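Chain and residue survey
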Amino acid sequence: WFGWFGFNAGSALAANHTAAIVFVNTLMAGCAGLLAWSLVERVRDGHATSFGAASGVVAGLVAITPSCGSVSPIGATLVGTVAGAVCAVAVGWKHHFGYDDSLDVVGVHLVGGLVGMTLIGLLANADVVGVDGLFYGGGLDQLWRQVVAALVTFAFSGLMTAALVRILDTTMGFRVHADDESLGVDLVIHAEAAYDLHPTGGARPHLGPGSGTLHF
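Now for a description of the structure that goes with this document. (Residues numbered from 1 in each chain as written. Predicted model: local features only at pLDDT ≥ 70, side-chain atom pairs only at ≥ 80, totals over all residues. Heavy atoms only, no water.)

**Observations concerning the packing of helix α2 (residues 17-45) against helix α3 (residues 50-67)**
- Where α2 meets α3, the closest approach of the two axes is 7 Å, and the angle between their N-to-C directions is 135°. When the axes of α2 and α3 are compared, the pair comes out oblique. Here α2 and α3 pass one another in a crossing that is right-handed. Here Asn25, Thr26, Ala29, Gly30, Gly33, Leu34, Trp37, Ser38 and Glu41 of α2 lie close against α3, whose contacting residues are Gly52, Ala53, Ser55, Gly56, Val57, Ala59, Gly60, Leu61 and Ile64.
- Looking at the contact of α2 with α3, its residues break down into 8 nonpolar, 9 polar and 1 charged. (Axes fitted to C-alpha atoms, helices over the stretch in contact; angles between N-to-C directions. Helix = DSSP H or I, 4+ residues; strand = E, 2+ residues; numbered from the N terminus. Parallel < 35°, antiparallel > 145°, perpendicular 65-115°, else oblique. Left-handed = near helix turned anticlockwise from the far one by under 90°. Contact = heavy atoms within 4.5 Å. Nonpolar A, V, L, I, M, F, W, Y, C, P; charged D, E, K, R; others polar.)

See the structure below:
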């Protein structure tokens, strides 16, 4: 979150009004994303989680990055709210469509980025960027431009990723063997275990039955 202030507000290259607006927008979107994701978890699962809250922050920050210099703080709050809620649902798509996404890059970064780009067409504020979005009386002009930009970016990224995957798969292999996945890629590739989940030495303390005393 701290780093996000640097490359969002820092993109103004000056300590000026634009940097101040972008700084506040970045803060508001992250907070709104946290609350929206947590609310979705609470309604859907019956409880919110700290992992979901952290993911909501990232979703809000991802979405506000393309729009941080185009919307007001109120608009940024709406961007973060929409991104947090939509991304909380989108992370489950991998189970339905069967793609590997252990870091939820598709559900958070791809979807959040598309949300942020598109919402510029709705929430752009002329007082900030010089053009109004649909909700500020600007009509559909900026909205269709944002939709086209989002679709072109999606297509370009998808095609380039597919090309890189093909090159890697042909030259060095894109995926390790299933047995290596089960054993652990850290052990197979790096000859070391990343996590020691089964300690072999020492005794584990436990409470004696009915006594409340600590035994070894």
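Now that the structure has been shown, the text picks up again.
**Observations concerning the pattern of salt bridges**
- A full pass over the atoms with the stated rule returns 5 salt bridges.
- Among the ionic pairs, Asp100 bridges to Arg175, the shortest N-O distance being 3.0 Å. Placement of the pair is Asp100 in the loop between α5 (93-97) and α6 (105-123) and Arg175 in the loop between α8 (141-171) and α9 (178-183), with a sequence separation of 75 residues. Taken individually, Asp100 and Arg175 each receive the classification exposed, so the pair is uniform in this respect.
- Beyond isolated ion pairs, a larger network of salt bridges with shared partners links Asp100, Arg175 and Glu181. (Salt bridge = Lys/Arg side-chain N within 4 Å of Asp/Glu carboxyl O. Buried < 20%, exposed > 50% of the residue type's maximum accessible area, 1.4 Å probe, protein only.)

**With respect to unusual backbone geometry**
- Even without being a glycine, Asp104 presents a positive backbone phi close to 55°.
- Locating Asp104 in the fold gives a position in the loop between α5 and α6.
- Taking relative accessible area as the criterion, Asp104 reaches 15% and is therefore assigned buried.
- Positive phi is not limited to glycine here, since Ala191 has a value of about 60°.
- You can see Ala191 is positioned in the loop between α10 (185-190) and β1 (206-207).

**Structural notes on the packing of helix α1 (residues 2-9) against α2**
- Put simply, α1 and α2 touch, their axes get as near as 9 Å, and they point 145° apart. In this structure, the crossing between α1 and α2 has a hand that is right-handed. Residue-level contacts link Trp4, Phe5, Asn8 and Ala9 of α1 to Ala19, Val22, Phe23, Thr26 and Leu27 of α2.

**Things to note about the nonpolar core**
- Ranked by internal contacts, the top residues of the largest apolar core, which has 24 residues, are Trp37, Ile64, Val79, Leu119 and Leu123.
- Excluding residues within four positions of it along the chain, Leu119 makes contact with Val79, Val82 and Ala124. (Core = buried A, V, L, I, M, F, W, Y, C linked by side-chain atoms within 4.5 Å.)

**Here we look at the packing of aromatic side chains**
- Throughout the structure, instances matching the rule amount to 2 aromatic pairs.
- On the basis of an interplanar angle of 50° and a centroid distance of 5.3 Å, the ring pair of Trp4 and Phe7 is categorised as tilted. Taken together, the positions of Trp4 and Phe7, both in helix α1 and 3 residues apart, correspond to about one turn of that helix.
- On the basis of relative accessibility, which here comes to 17%, the residue Trp4 falls in the buried class. (Phe/Tyr/Trp six-rings, centres within 6.5 Å; stacked < 30°, edge-to-face > 60°.)

This is a description of form; function is not addressed.
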